[in-house]
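Structural features, examined
Spelled out from the first residue to the last, the chains are:
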Amino acid sequence: IERTVYHDRTPLPLERTALPARPDHDTVLLVAPTYFDVRYRINPYMGGRVNGARARSEWDRVRQTYERYAERVVVMDPDRYGTPDPSESGRGHVAPASLPDLVFAANLGVPTADGDGVVLARMATAERAGEPAHFARWCRAVGYDVFDLPGDAAFEGTGDAIWHPGRRLLWGGYGVRTERAAYDGLADLVDAPVVTLELTDEHFYHLDVCFAPLTEETALVVPEAFTDEGRARIDALFETVVEVPLDEATGGLACNCHCVDGEHVLLSSGNPETERRLRDAGFTPVPVDTTEFQKAGGSVCCLSLLLG
Ligand code: ARG
């Protein structure tokens with residue numbers, strides 16, 4: 001299997017109709033919002049006071065919605081995986097109560113192509129650095145192989161590294177959180193080629209706030225988030241590209257949506273133009289309220305991690 005990293009500014013010899021197939025990843029992992037809060041500011045959306053009860057009920061509704069459309073939904077209880085086992089040194093251990101962004105499962109890692117393993121994230125910010133260790137304990141407990149990325153480049157999981165639906169191809173956002181060099185080691189570990197996309201705007205600090213591959217053929221994107229070359233790469237590998245208006249992308253995190261069954265698109269409520277464009281493209285929007293989580297800069301997609 002080819003594991004080339006097609007960095008931008010190099011030619012992209014891949015063809016949309018010739019991308020190899022990949023086993024489905026159909027397990028949605030969510031992390032219970034027990035300690036969710038906004039206590040620091042590492043992206044331009046962060047701020048405001050979180051209403052804990054409201055966050056809990058929004059998250060319950062997000063879970064119910066995933067349960068309705070996904071094959072399988074599993075929930076990690078941060079308290080259950082919050083204690084290092086005796087075999088770990090415990091050095092650098094951070095209690096889940098001190099990790100208010102742990103609820104954003106997308107950033108914890110990325111599954112391998114075959115879905116049997118997971119490559120752990122290495123967070124770009126000190127505030128979130130303690131999170132992947134909790135996820136690693138959960139992975140081992142439920143039976144996934146756990147891999148560490150070589151080197152020291154930052155890598156924020158499927159916030160930035162997003163599988164092309166159904167295909168053995170990983171899209172790799174870099175430039176704000178994840179570093180470009182992370183993909184050199186990642187391609188080998190996940191066993192697939194990677195196509196990188198540069199991000200330069202802090203409002204699009206993760207790829208999943210400006211790029212949502214809905215199906216093998218269709219992607220939802222925020223065109224302003226990409227370089228001309230990045231847009232051309234997306235255009236080359238998707239048959240249809242639906243654009244999210246900038247105001248809904250930043251004002252309502254509309255592009256941080258998730259299509260887990262090929263038809264229904266779970267997205268933040270309050271994004272009527274994005275909903276309209278999704279309907280025009282043949283999808284069924286399923287709006288869910290994520291107001292509290294948007295105070296941390298996250299929505300539906302950030303709250304979930306698709307695993308094998
Ligand atoms: N406050 C979190 C951060 O800035 C939000 C993460 C959202 N996750 C995502 N995949 N976009 O890191």
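Residues numbered from 1 in each chain as written. Predicted model: local features only at pLDDT ≥ 70, side-chain atom pairs only at ≥ 80, totals over all residues. Heavy atoms only, no water.

1. Concerning the confidence of the model for the protein chain
- The share of residues in the protein chain with pLDDT of 70 or more is 97%, and the mean pLDDT across the chain is 96.
- Taken together, the chains of this predicted complex give a pTM of 0.97 and an interface ipTM of 0.98. (pLDDT = per-residue confidence, 0-100.)

2. Things to note about helix 4 (residues 228-237)
- Of the residues making up helix 4, those classed as buried are Gly230, Arg233, Ile234 and Leu237. Along the axis of helix 4, the buried positions cluster into a sector of 95 degrees, meaning they face one direction only.
- At its buried positions, helix 4 is contacted by strand 1 (5-6), strand 8 (170-174), strand 9 (194-198), strand 10 (211-213), strand 11 (218-221) and strand 12 (240-243). (Buried < 20%, exposed > 50% of the residue type's maximum accessible area, 1.4 Å probe, protein only. Helix = DSSP H or I, 4+ residues; strand = E, 2+ residues; numbered from the N terminus. Arc of directions from axis to C-beta. Contact = heavy atoms within 4.5 Å.)

3. Points about helix 6 (residues 272-280)
- Three or more residues of helix 6 are buried, namely Thr274, Glu275 and Leu278. Viewed along the axis of helix 6, the buried residues span an arc of 100 degrees, placing them on a single side of the element. More than 90 degrees from the buried face of helix 6, the exposed residues found are Pro272 and Asp280.
- At its buried positions, helix 6 is contacted by strand 11, helix 5 (246-251), strand 13 (264-268) and strand 14 (284-288).
- Where helix 6 terminates, the next one or two residues include Gly282, which has phi positive at roughly 95 degrees.

4. Let's talk about the packing of aromatic side chains
- Going through the model one piece at a time under the given rule, you end up with ten aromatic pairs.
- Judged by centre distance (6.4 Å) and plane angle (90 degrees), the ring pair of Phe104 and Phe293 falls under edge-to-face. Here Phe104 is found in the loop between strand 3 (72-76) and strand 4 (109-111), whereas its partner Phe293 is found in helix 7 (residues 291-294), with 189 residues between them in sequence.
- Connected via pairs of aromatic rings, a cluster forms that spans Phe36, Phe104 and Phe293. (Phe/Tyr/Trp six-rings, centres within 6.5 Å; stacked < 30°, edge-to-face > 60°.)

5. Looking at the nonpolar core
- Counting 39 residues, the largest nonpolar core has Trp171, Leu207, Phe211, Leu214, Leu220 and Phe226 as its most contacted members.
- Of all the elements in the fold, those that place two or more residues in this core are strand 9, strand 10, strand 11, helix 4 and strand 13.
- Here this core takes three residues from strand 11, the largest share from any one element.
- With residues near it in sequence (within four places) discarded, Trp171 still touches Asp160, Ala161, Ile162, His164, Val195, Leu197, Leu207, Phe211, Arg233, Ile234, Leu237 and Phe238.
- Phe36, Val38, Met46 and Val288 belong to the second-largest nonpolar core, a separate cluster that totals 25 residues. (Core = buried A, V, L, I, M, F, W, Y, C linked by side-chain atoms within 4.5 Å.)

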